[in-house]
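Summary of the model geometry
Now for the letters of each chain:
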Amino acid sequence: MRILLVEDERKVASFVARSLRENTYAVDIATTGEQALEMAASANYDAILLDVRLPGLSGVEVCRELRASRIETPILMLTARSLVEQRVEGLDAGADDYLVKPFALAELQARVRALIRRGLNRREGTLRYADLEIDRRRRQVKRNSLTVPLTAKEFALLELLVLRAPEIVTRSEIEEHVWDAGFDRESNLVEVYINRLRQKIDHGSLPKLIHTVRGAGYRLGAPQ
Ligand code: CA
């Protein structure tokens with residue numbers, strides 16, 4: 001799950017980002033509304049946390065702009081004061097929820113979970129491919145009716161492969177969807193995770209579902 005955090009105050013941004021990362025989310029930070037619009041247009045986020053008070057474009061304007069350009073990612077507005085007008089304005093602009101600053105991190109985490117669940121409800125809840133079954137709400141995977149325990153990153157990787165199956169997913173697409181913008185492109189983490197996933201999904205089962213397409217990427221599906 002990848003989150004865009006839009007916050008101009010550095011301290012608040014790094015504090016919130018750290019807490020989200022500890023809970024296995026990938027987090028990108030935008031410090032202006034203009035930057036947020038650019039980032040939201042170029043990557044697929046599962047949720048956007050949007051501060052209302054930003055230099056330049058306000059959070060409300062950013063929210064309105066995102067919805068106008070048909071970006072339906074769930075949005076949580078972070079409002080500075082408990083001003084009723086500000087909340088109403090945010091919800092009118094297309095935000096899904098709001099949280100008043102200062103907030104407790106536990107509260108933020110709970111709201112983010114609810115927000116992502118809402119986004120998943122808009123999409124398909126259960127994905128199926130061959131004898132694989134992926135429950136996106138409970139984040140559970142079964143192969144041939146047997147539960148396969150996966151870590152958050154392994155789950156995100158499998159989800160992406162199944163969504164695109166039987167097409168090829170390139171390495172850079174995997175980096176973009178499963179990791180955040182700080183991902184070290186020189187590392188071999190993608191290969192490491194593909195191998196781990198392969199051991200869990202394909203070990204002892206036939207047919208093998210995860211395939212390497214030399215020079216192109218990876219695909220999930222029956223062997224060709
Ligand atoms: Ca601010």
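Residues numbered from 1 in each chain as written. Predicted model: local features only at pLDDT ≥ 70, side-chain atom pairs only at ≥ 80, totals over all residues. Heavy atoms only, no water.

It is worth spelling out the packing of aromatic side chains at this point. Going through the model one piece at a time under the given rule, you end up with one aromatic pair. Between the NZ or CZ atom of R196 and the centre of the ring of Y193, over which it lies, the distance is 4.6 Å. (Phe/Tyr/Trp six-rings, centres within 6.5 Å; stacked < 30°, edge-to-face > 60°. Lys NZ or Arg CZ within 6 Å of the ring centre and 35° of its normal.)

Looking now at the coordination of the calcium ion. For the calcium ion, the full set of protein donor atoms is D8 (OD), E9 (OE), D51 (OD) and R53 (O), at a range of 2.1 to 3.1 Å. Along the chain, the residues donating to the calcium ion fall in the pattern D-E-x41-D-x1-R. Separated by 43 residues along the polypeptide, D8 in the loop between β1 (2–6) and α1 (10–22) and D51 in strand β3 (residues 47–51) bring together distant segments of the chain. Using a relative accessible area of 30% as the deciding quantity, one classes D8 as partly exposed. A relative accessible area of 2% places D51 in the buried class. (Donors = N, O, S within 2.8 Å, 3.2 Å for Na, K, Ca; no water. Helix = DSSP H or I, 4+ residues; strand = E, 2+ residues; numbered from the N terminus. Buried < 20%, exposed > 50% of the residue type's maximum accessible area, 1.4 Å probe, protein only.)

Okay, the sheet that holds strand β7 (residues 132–135) next. Remark on secondary structure: sheet strands pair via backbone hydrogen bonds, oriented parallel or antiparallel. Pairing within the open sheet is antiparallel, and its four strands lie in the order β6-β7-β8-β9. Across the chains shown, the open sheet's two edge strands, defined by having one partner strand only, are β6 (126–129) and β9 (146–147). Bridge count between β7 and strand β8 (residues 140–143): four bridges; the pairing is antiparallel. Paired with D135 across the two strands is Q140, which belongs to β8. Seen against the sheet, helix α6 (residues 152–164) touches β6, β7 and β8 and runs at an angle of roughly 120° to β7. (Pairing = 2+ DSSP bridges. Contact = heavy atoms within 4.5 Å. Axes fitted to C-alpha atoms, helices over the stretch in contact; angles between N-to-C directions.)

What follows concerns the domain arrangement of the chain. As assigned here, the chain comprises domain 1 (2–122) and domain 2 (126–220). Distance between the C-alpha centres of domain 1 and domain 2: 28 Å. Contacts between the two partners involve 11 residues from domain 1 and, on the opposite side, 10 residues from domain 2. For the pair domain 1 and domain 2, the summed buried surface comes to about 890 Å²; carbon and sulfur atoms form 47% of the total. Summed over the shared surface of domain 1 and domain 2, the number is zero salt bridges. Our count for the contact surface shared by domain 1 and domain 2 stands at zero residue pairs in polar contact (both at pLDDT 80 or more). Considering each element in turn, the side of domain 1 that touches domain 2 owes the most residues, three residues, to strand β2 (residues 26–30). (Domains from an automatic or database assignment. Buried area = accessible area lost by both parts, 1.4 Å probe. Salt bridge = Lys/Arg side-chain N within 4 Å of Asp/Glu carboxyl O. Polar contact = N/O pair within 3.5 Å; in protein donor to acceptor, adjacent residues only side chain to side chain.)

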